[in-house]
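Each chain, letter by letter, is given below.
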Amino acid sequence: DAGVIQSPRHEVTEMGQEVTLRCKPISGHDYLFWYRQTMMRGLELLIYFNNNVPIDDSGMPEDRFSAKMPNASFSTLKIQPSEPRDSAVYFCASSIRGGRETQYFGPGTRLLVL
Amino acid sequence: EDKVVQSPLSLVVHEGDTVTLNCSYEVTNFRSLLWYKQEKKAPTFLFMLTSSGIEKKSGRLSSILDKKELFSILNITATQTGDSAIYLCAVGYYGGSQGNLIFGKGTKLSVKP
């Protein structure tokens, strides 16, 4: 099993640019979560999907952030325009019905906005 | 406001020591408590606890939940340098956004040779 796959692993961009992060959940998992981790705030849930449908996006910091899940095997998190305070590690995680709180995390994308 | 608080924030021990990490919570409609280990990359799942007083064990790691006093502990015996990591506690709850987890800030454990 390949686990949760995220790309890119590292991203350096300039303020104002659009950033797109990608995630492939574990096959058969029907929940997908996007998290952000910083030293100051720890791990924060941004949004999660169940069966490709966004269920709770209350953690999305502002309108500059958007997420989609067009099918069961792919999700994107987009930041447009990016700002230096968006610099963080972004994790994608997935879980399976009946054990949805046992979440399996991807390796993360380390984002630096200059 | 729901919250999960871990202590200590950081801990330095020597190989062979036993450590106890703490997690207290105030979460409405508590469902479960989870422990994760985070090394340089992503958090990896350790335990999920739903019932008080039942110890879960995996090798040198063990954890127990007290739903009356609203806390959990994670014990690591005979620590090794490979145990160095951030240990995250998270609480799941019923209702509202099911499947959501509230994470603590973590305890950073450093095990010196």
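Below is a short write-up of the structure.

Now for the side chain of Q38 of chain B. With respect to the helices, strands and loops of the structure, Q38 of chain B is situated in strand 4 (residues 30-38). Taking the relative accessible area as the measure of exposure, Q38 of chain B reaches 5% and is therefore buried. Engagement of the side chain of Q38 of chain B in a polar contact is seen with the backbone oxygen of K41 of chain B, the distance being 2.9 Å. Filtering out sequence-adjacent residues up to four positions away, Q38 of chain B remains in contact with Q37 and F91 of chain A together with P43, A85, I86 and L88 of chain B.

Right, let's talk about the state of the cysteines for a bit. Tallied over the full model, the rule gives two disulfides over all chains. Disulfide partner of C23 of chain A: C92 of chain A, at an S-S distance of 1.9 Å. Between C23 of chain A and C92 of chain A, the disulfide has an S-S torsion of -65 degrees and is therefore left-handed. Placement of C23 of chain A in strand 3 (residues 19-24) and of C92 of chain A in strand 9 (residues 88-95) is noted, with a sequence separation of 69 residues between them. Accessibility assignment for this pair places C23 of chain A and C92 of chain A in one class, buried. Disulfide pairing is shown between C23 of chain B and C89 of chain B; the S-S distance is 1.9 Å. With the S-S bond torsion at -65 degrees, the cross-link from C23 of chain B to C89 of chain B turns out left-handed. Within this pair, whereas C23 of chain B is found in strand 3 (residues 19-26), its partner C89 of chain B is found in strand 9 (residues 85-93), the two being separated by 66 residues in sequence. No difference in accessibility class separates C23 of chain B from C89 of chain B, as the two residues are buried.

What follows covers the sheet that holds strand 7 (residues 65-71) of chain A. Residue and element names in this part refer to chain A. Reading across the sheet, the four strands line up as 1-3-8-7 and stay open at both edges, with antiparallel pairing between neighbours. Edge positions in the open sheet fall to strand 1 (5-7) and strand 7, since each of these has one partner strand only. Ignoring strand direction, the axes of neighbouring strands in this sheet form an average angle of 15 degrees. Of the strand pairs in this sheet, strand 3 and strand 8 (residues 74-79) are connected by five bridges, and their pairing is antiparallel. Residue pairing across strands places L21 opposite L77, the latter belonging to strand 8.

The next subject is the side chain of N50 of chain A. Residues and elements named next belong to chain A. Position of N50 relative to the elements: it lies in strand 5 (residues 42-50). Judged by its relative accessible area of 18%, N50 falls in the buried class. Within the structure, N50 has its side chain in polar contact with the side chain of Y31 (distance 3.4 Å).

Each value, and the rule that gives it
- In every chain, residue numbers begin from 1 and rise along the written sequence.
- Both sets of labels track the order of writing: A upward for chains, 1 upward for ligands.
- pLDDT decides what is reported in this predicted model: residues at 70 or higher carry local features, side-chain atom pairs at 80 or more are listed and counted, and totals for whole chains, interfaces and linings draw on all residues regardless.
- No hydrogens and no water enter the side-chain calculation; it runs on all heavy atoms of the structure.
- The helix and strand labels rest on DSSP assignments: H or I over at least four residues marks a helix, E over at least two residues marks a strand, and numbering proceeds from the N terminus.
- Relative accessibility under 20% of the residue-type maximum defines a buried residue, over 50% an exposed one, and the middle range a partly exposed one, all with a 1.4 Å probe and only protein chains included.
- Pairing of N or O atoms within 3.5 Å defines a polar contact, subject to two protein rules: one partner must be a possible hydrogen donor and the other a possible acceptor, and residues neighboring in sequence count only if both atoms are side-chain atoms.
- Any two residues whose heavy atoms approach within 4.5 Å are treated as being in contact.
- Note on terminology: pairs of cysteine sulfur atoms within 2.5 Å are recorded as disulfides.
- For two strands to be treated as a pair, DSSP must find at least two bridges joining them.
- What counts as an axis is a line fitted to C-alpha atoms, over the stretch in contact for a helix, and the angles between N-to-C directions run from 0 to 180 degrees.

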